[in-house]
Amino acid sequence: MLVYGFDTDYFIGPAIISLDGISFGPTLESESVRLTISPITEEIKTDVVKEPVKIIQLDEKVTFECTIPFTLDLAEMLELSGNSLELQRTGELVIISSGLEITIYKAAVTMTLNKAYSHNELNTIKISARGLKNSSGYKYNIKINS
């Protein structure tokens, strides 16, 4: 039986986000920047005992969410055109925030433009990413810079 273990949520302060070397700039201070790592485990049971004898971790589910300001420069870099409200990309996502550098080696990234787009107000893009295994079998790296 596959079970998701306890989520570990990391609320990261304002951060600089980049995908495959393209900097998206800073996240909004008013919105949360969240990295969640959830273990995927399997319970091993026997016929004798109803309780699990052993729980083994098979994998981890890695997700990331943030909001960044929408700019015309960003639209050009992402090649957004027409009525595009959503863009999906896969690549290396790097999050840098106050002494942390988090790399999601192969991220399936969805960027969604705020539907209440206005020429007079600050417009935003919500970024959601899911970590996939790279060719070496790794999903992420968290480096603490001093």
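Residues numbered from 1 in each chain as written. Predicted model: local features only at pLDDT ≥ 70, side-chain atom pairs only at ≥ 80, totals over all residues. Heavy atoms only, no water.

### Looking at the overall build of the protein chain
The secondary structure content of the protein chain amounts to one helix and ten strands. Moving toward the C terminus, one meets the helices and strands of the protein chain in the order β-β-β-β-β-β-α-β-β-β-β. Looking at the protein chain as a whole, 33% of its 146 residues qualify as buried. Carbon and sulfur atoms make up 50% of the accessible area of the protein chain, which totals about 9,300 Å². (Helix = DSSP H or I, 4+ residues; strand = E, 2+ residues; numbered from the N terminus. Buried < 20%, exposed > 50% of the residue type's maximum accessible area, 1.4 Å probe, protein only. Areas by Shrake-Rupley, 256 points an atom, 1.4 Å probe, with all protein chains shown as cover.)

### A few points about the nonpolar core
I17, F24, F64, L93, M111 and I127 are the most contacted members of the largest nonpolar core, which totals 28 residues. Of all elements in the fold, only β3 (16–19), β5 (33–44), β6 (54–69), α1 (72–78), β7 (86–97), β8 (100–113) and β9 (124–132) reach the threshold of two or more residues within this core. Tallying contributions element by element places β8 first for this core, with six residues. (Core = buried A, V, L, I, M, F, W, Y, C linked by side-chain atoms within 4.5 Å.)

### Some thoughts on the pattern of salt bridges
All told, the structure shown has four salt bridges when counted by the stated rule. Of the charged contacts in the structure, one is a salt bridge between R34 and D9, with a shortest N-O distance of 2.9 Å. Here the residue R34 occupies a position in strand β5, and D9 occupies one in strand β2 (residues 8–12), the gap between them amounting to 25 residues. Its relative accessible area of 31% is what places D9 among the partly exposed residues. (Salt bridge = Lys/Arg side-chain N within 4 Å of Asp/Glu carboxyl O.)

### Let's talk about the environment of E86
Mapped onto the fold, E86 is located in strand β7. Contacts of E86, omitting those with residues within four sequence positions, involve T110, M111 and T112. (Contact = heavy atoms within 4.5 Å.)

### Observations regarding the environment of G91
Relative to the assigned elements, G91 resides in strand β7. For G91, the contacting residues outside a window of four places in its chain are L19, D20, I104, Y105, K106 and A107.

### A few points about the confidence of the model for the protein chain
Mean pLDDT over the protein chain: 84, with 88% of residues reaching 70 or higher. No element of the protein chain has a lower mean pLDDT than strand β1 (residues 2–4), which averages 42, and none a higher one than β3, which averages 94. Throughout residues 1–5 the model reports pLDDT below 50, and contacts reaching past four residues in sequence, or to other chains, amount to 15 contacts. (pLDDT = per-residue confidence, 0-100.)

### Re a nonpolar patch on the surface
A contiguous nonpolar patch, built from Y10, I142 and I144 and spanning about 300 Å² of accessible area, is present on the exposed surface. Looking at the element boundaries, I142 is found in strand β10 (residues 140–144). (Patch = residues over 30% accessible without salt bridge, like charges linked within 9 Å, V, L, I, M, F, W, Y side chains within 5 Å.)

### Focus on the pairing of β3
Taken together, the four bridges between β3 and strand β4 (residues 22–26) define a ladder with antiparallel strand orientation. Bridge pairing in β4 links S18 to S23. Hairpin connection from β3 to β4: two residues lie between these consecutive antiparallel strands, with D20 at a positive phi of about 50 degrees. The pairing of β3 with β7 spans four bridges and is antiparallel. For S18, the partnering residue across the bridge sits in β7 and is V94. (Pairing = 2+ DSSP bridges.)

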